[in-house]
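Close look at the chain arrangement
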Amino acid sequence: MNNYMKKFLHHSPQIIALALALVVTGLPLPAGVPVRLFNPDYLEGDCSYHSLTAASDGRIYFTIGTHHDQSAARIYRFNASSESIDEIGDLTEILGDNPSRQILHGKIHTPLIEDEGYLYFSTHTSSYDGNLPNIRPADGRAPYPGGFLMRYELASGTYEKLAQLQLPSEGIITLTMDTAGDTLYALTWPTGLLLSYNLEEGLLLNWGAVQERGEWGLLPGEWSFICRRLAMDDAGNLFGSTDTGRVWKFNNGLQRPVEYLPGLNVADVAPAQESAFELLPEPHYFWFNWRTILWNPNTASFWGLQGGSTQLFEFDPSDQSLQSVHSMRPTTVTADSRRNPFRTQLGFALCPDNTLAYLAHAPGIETEGRETLATSVHLLTYAIDSGEFTDHGPLMAANDSRVFFAESLELGLDGHLYTVAWVESTDPAKREAVQKARGKAAPKETEEVIYEIQLVQLPKWDELMD
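Here the structure is a predicted model, which is why all the values come from computation and not from measurement. (Residues numbered from 1 in each chain as written. Predicted model: local features only at pLDDT ≥ 70, side-chain atom pairs only at ≥ 80, totals over all residues. Heavy atoms only, no water.)

1. A word on the packing of aromatic side chains
The description of two aromatic rings rests on the distance between their centres and on the angle between their planes. This is how the line gets drawn: When the centres of two rings from Phe, Tyr and Trp lie within 6.5 Å, Trp using its six-membered ring, the rings pair. Their planes under 30 degrees apart give stacked, over 60 give edge-to-face, and anything left gives tilted. Strands are runs of DSSP state E lasting at least two residues, helices are runs of H or I lasting at least four, and both sets are numbered from the N terminus onward. Counting as a charge over the ring demands two things of the Lys NZ or Arg CZ atom: a distance within 6 Å of the ring centre and an angle within 35 degrees of the ring normal.
Taken as a whole and assessed by the stated rule, the structure comprises 21 aromatic pairs. Judged by centre distance (5.8 Å) and plane angle (90°), the rings of Phe404 and Tyr451 are edge-to-face. A residue pair is termed long-range when its members are at least 10 positions apart, and Phe404 in strand E28 (residues 403-406) and Tyr451 in strand E31 (residues 451-460) qualify at 47 residues. In textbook terms, an aromatic cluster arises when at least three aromatic residues are bridged by ring pairs, as seen for Phe239, Trp290, Trp295, Phe302, Phe313 and Phe315. Over the aromatic face of Tyr260 sits the side chain of Arg246, whose NZ or CZ is 3.9 Å from the ring centroid. It is Arg438 that lies over the ring of Tyr451; its NZ or CZ is 4.5 Å from the centre.

Next comes the structure, spelled out in structure tokens:
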């Protein structure tokens, strides 16, 4: 047991409570991961999806989104040496928007991609009518004007608008970059349009919908959950998936560049534990596309997680093969079903020694006298070379605040893992301030919980793997 854990155990009743709960249920005991919390104090902020990066200047950059109708997404920078957070951008001010006249850019849902001194990202809506964009705001404001492709220069701290998708109510939900070809690729929501933007030409191209009617469609037959992560290999080849599991490739230079790869389907990635596999007919609710995927130069292949099962798979584009590898479920989640009730999240990273790290959701940790939380967040690792899977346990904050939702993971240059997470607010005065500032604006899955979005620092990688 390292010193980080010894100090933490001394004043953390959550780990003791978790141990007792697991003894009662008979489930194996994960150790638990001590974390430190850094609060940007954006009271209206209520979400953060994927937009976290460790930049070459040694700082951690991340964004926080909001569903508040008068606020927009904000960008932050964390200095690990001084342990300080600076707000470096508010999309309302950067884009010159008027909250009383139009729906704002409430989210940055894409990775922050660094290339030649810039961080590239895009903007997204957070104003909804049910599970679709709020096309006709009741307050008379103009609908969401369409997402921007943007960049931030690290040296000067300035923002630049590269291009806008001038389609009302259409946001940009994911982004990747062919750095050698100086080209950004993006998917829109809810239609699922594939976009490209070449930096040298300054030209935005729309290649059409790659998922039929996307999330505009009617369930069960027409609806298709838009892929939240595009796959880019080191040669600049672009791939995506649909929620029925089909895999497509973008063939640059063709008039109709999107090709669905024959005989290749993420739905065929069966959980490795099942001796018999049968794919049951069902409506496609978020289950069969990859939720997250990354290129691994060590294996010259992609590694990803299927959306509904959290099944780890390897995709080799050279021979267009898919291989089921391991179920990425915490030890507190049964593995006797193809379904994972906690489904896949976006916190997935390639770390040293060819090891994958993933932040998985598991049953909530009960704390006496407090609300019951639906989830907790576990750190899982899978060593590709040895096949060793480890559940390091739930993220546990020393101040007894429960971390219960996370959608990002990054290894900093300081050796620490970082995420931006939903953290239970425990101080009565702070809870009241958050509730007053946020009002009714909060993601549906957390509407019963008073929480804050915080930067979470995990132990150093070497300490975790010691």
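2. A closer look at unusual backbone geometry
In the segment running from Trp189 into Pro190, the intervening peptide bond is cis, with an omega of 10°. Locating Pro190 in the fold gives a position in the loop between strand E13 (183-189) and strand E14 (193-198). The phi angle at Asp41 is positive, at roughly 60°, despite the residue not being glycine. Inspection of the secondary structure puts Asp41 in the loop between strand E1 (33-38) and strand E2 (52-54). Residue Arg343 is not a glycine yet carries a positive backbone phi of 35°. Looking at where Arg343 falls in the secondary structure, it is placed in the loop between strand E23 (321-327) and strand E24 (348-351).

3. Some words on the sheet that holds strand E10 (residues 148-153)
Here is the rule we go by: Strands qualify as paired when DSSP identifies two bridges or more between them. Angular values range over 0 to 180 degrees, each being the angle between N-to-C directions of two axes fitted as lines to C-alpha atoms, with helices fitted over their stretch in contact.
Taken together, the 4 strands give an open sheet; going across it, the order is E6-E7-E10-E11, and neighbouring strands pair in antiparallel fashion. Each having just a single partner strand, strand E6 (113-115) and strand E11 (159-164) make up the two edges of the open sheet. Within this sheet the neighbouring strands show an average axis-to-axis angle of 25°, counted without direction. In terms of strand pairing, E10 meets E11 through 5 bridges, oriented antiparallel.

4. Observations concerning the sheet that holds strand E22 (residues 311-316)
Strand order in the open sheet formed by 4 strands is E20-E21-E22-E23, and the pairing between neighbours is antiparallel. Among the strands making up the open sheet, the edge pair consists of strand E20 (290-296) and E23. Looking at each pair of strands side by side, their axes are set apart by 25° on average, direction ignored. Sheet topology places E20 next to strand E21 (residues 301-306); 6 bridges connect them, and they run antiparallel. By the bridge assignment, Trp290 is partnered in E21 with Gln306.

5. Considering the pairing of strand E12 (residues 171-178)
Spelled out, the test is: Relative accessibility under 20% of the residue-type maximum defines a buried residue, over 50% an exposed one, and the middle range a partly exposed one, all with a 1.4 Å probe and only protein chains included.
With 8 of its 8 residues buried, E12 lies for the most part within the structure. Here E12 runs beside E13; their pairing, made up of 7 bridges, is antiparallel. Among the inter-strand pairings, Ile172 is bridged to a residue of E13, identified as Thr188. Hairpin connection of E12 to E13: 4 residues between the antiparallel strands, including Asp182 at a positive phi of 50°.

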